[in-house]
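What follows is the residue order along each chain.
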Amino acid sequence: MLVNQAWPPSTFLGRLRDATREELLSQGTPMAYPPHRTLLHQGDGSRHVLLLTSGVVKVVASSESGYDMLLAVRIAGDLVGEMAAFEERPRSGTVVACGDVTARIIQMRTLESFLSRHPDAMRAVLHMLCARLRWANRRRIDFQAYDSLTRLARVLAELCQAYAQPAPDSDGTRCDLGVTLTQRELASLAGLKLNTAEKNLATLTAQGLVERSYRNITICDVPKLLEFAKVAADNPY
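Given the structure is predicted, the values throughout are model-derived calculations rather than measurements.

Chemist: Explain the UniProt feature "domain: Cyclic nucleotide-binding" (unreviewed entry) in the protein chain to me, please; I cannot follow it from the model alone.
Modeler: Per the UniProt entry, the sites bearing "domain: Cyclic nucleotide-binding" (unreviewed entry) are residues 12-132 in this numbering. Within residues 12-132, the helical portion is 31% and the strand portion 36%, while the C-alpha atoms at the span's ends are 12 Å from each other.

See the structure below:
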């Protein structure tokens, strides 16, 4: 049952009271998406949000010059598409399924009515928006305050805090990143050129902080990575 599922505390559903979560999961229309399917299109004028109930999606934005940049990763329990819905403006990014994804399509009028009845849900929305603004602000500061190696480490550390799962047979300090990212996508999150990100990832691997396999990254020692990246141990989300 989705209602009884353990939602990550960093997600929108994870911040709700049980009764509020149960009612929200009955709203809207359930949908299933196969891998690589586009859920929302940049520039589209639709006015609904998606409440992710399983799987992982990527939020990608394209510039007028054709450059694609990974803006964010969202997981089960997250709300996506809320910016355009609240602002009544075209969507600022494209949302793509990384694997099999399920979600509930909730129209904006339904969400607004729900939030008016549930103050804890309204607080959760505000918390979510503040956390996403904090992430964006941190990236802007990182561009000026840290070298490229530290910037990449900080992105990995914060993704680890938000999404990672303990690796099997580990003592909790070793975690799988939990999301499938290419090196190009990691580079765009950290604001780096691809060749710079590749070199920095190799450096982190040589230092024993991460291990790499096909589209997967394992954090070998979470406390050491947080220390190297100068990231506080508390969850920034």
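Chemist: Just to check I follow, could you spell out the sheet that holds strand β4 (residues 56-62) for this structure?
Modeler: The strands that make up a sheet are held in pairs by hydrogen bonds between backbone atoms, and each pair lies either parallel or antiparallel. Read from one edge of the open sheet, four strands run β2-β7-β4-β5, paired in antiparallel fashion. Looking along the sheet, the strands with just one partner apiece sit at the ends: β2 (38-40) and β5 (68-75). In this sheet, adjacent strand axes meet at a mean angle of 30° when their direction is disregarded. Across two bridges, β2 lies against strand β7 (residues 94-97) in antiparallel orientation. Each bridged residue has a counterpart across the sheet, and for T38 the counterpart in β7 is V96. Running over the sheet, helix α6 (residues 183-190) touches β4 and β5 and is turned about 95° from β5.

Chemist: What is the right way to read the nonpolar core from this model?
Modeler: Considering soluble globular proteins, one finds that nonpolar side chains tend to be buried as a cluster. With 37 residues, the main nonpolar core has L156, L159, L181 and L186 as its most contacted residues. Breaking this core down by element, the ones donating at least two residues are β5, α5 (148-163), α6, α7 (194-206), β12 (216-219) and α8 (222-229). The leading source of residues in this core is α5, at ten residues. Setting aside anything within four residues of it in sequence, one finds L156 in contact with L177, L186, L201, L204, V210, I217 and L225. Core analysis: the next-biggest nonpolar cluster, separate from the first, contains 20 residues, L25, V49, L79 and A85 among them.

About the cut-offs
- Residues numbered from 1 in each chain as written.
- Predicted model: local features only at pLDDT ≥ 70, side-chain atom pairs only at ≥ 80, totals over all residues.
- Heavy atoms only, no water.
- UniProt positions renumbered as here; feature names shortened; annotations may be inferred.
- Helix = DSSP H or I, 4+ residues; strand = E, 2+ residues; numbered from the N terminus.
- Pairing = 2+ DSSP bridges.
- Axes fitted to C-alpha atoms, helices over the stretch in contact; angles between N-to-C directions.
- Contact = heavy atoms within 4.5 Å.
- Core = buried A, V, L, I, M, F, W, Y, C linked by side-chain atoms within 4.5 Å.
- Buried < 20%, exposed > 50% of the residue type's maximum accessible area, 1.4 Å probe, protein only.

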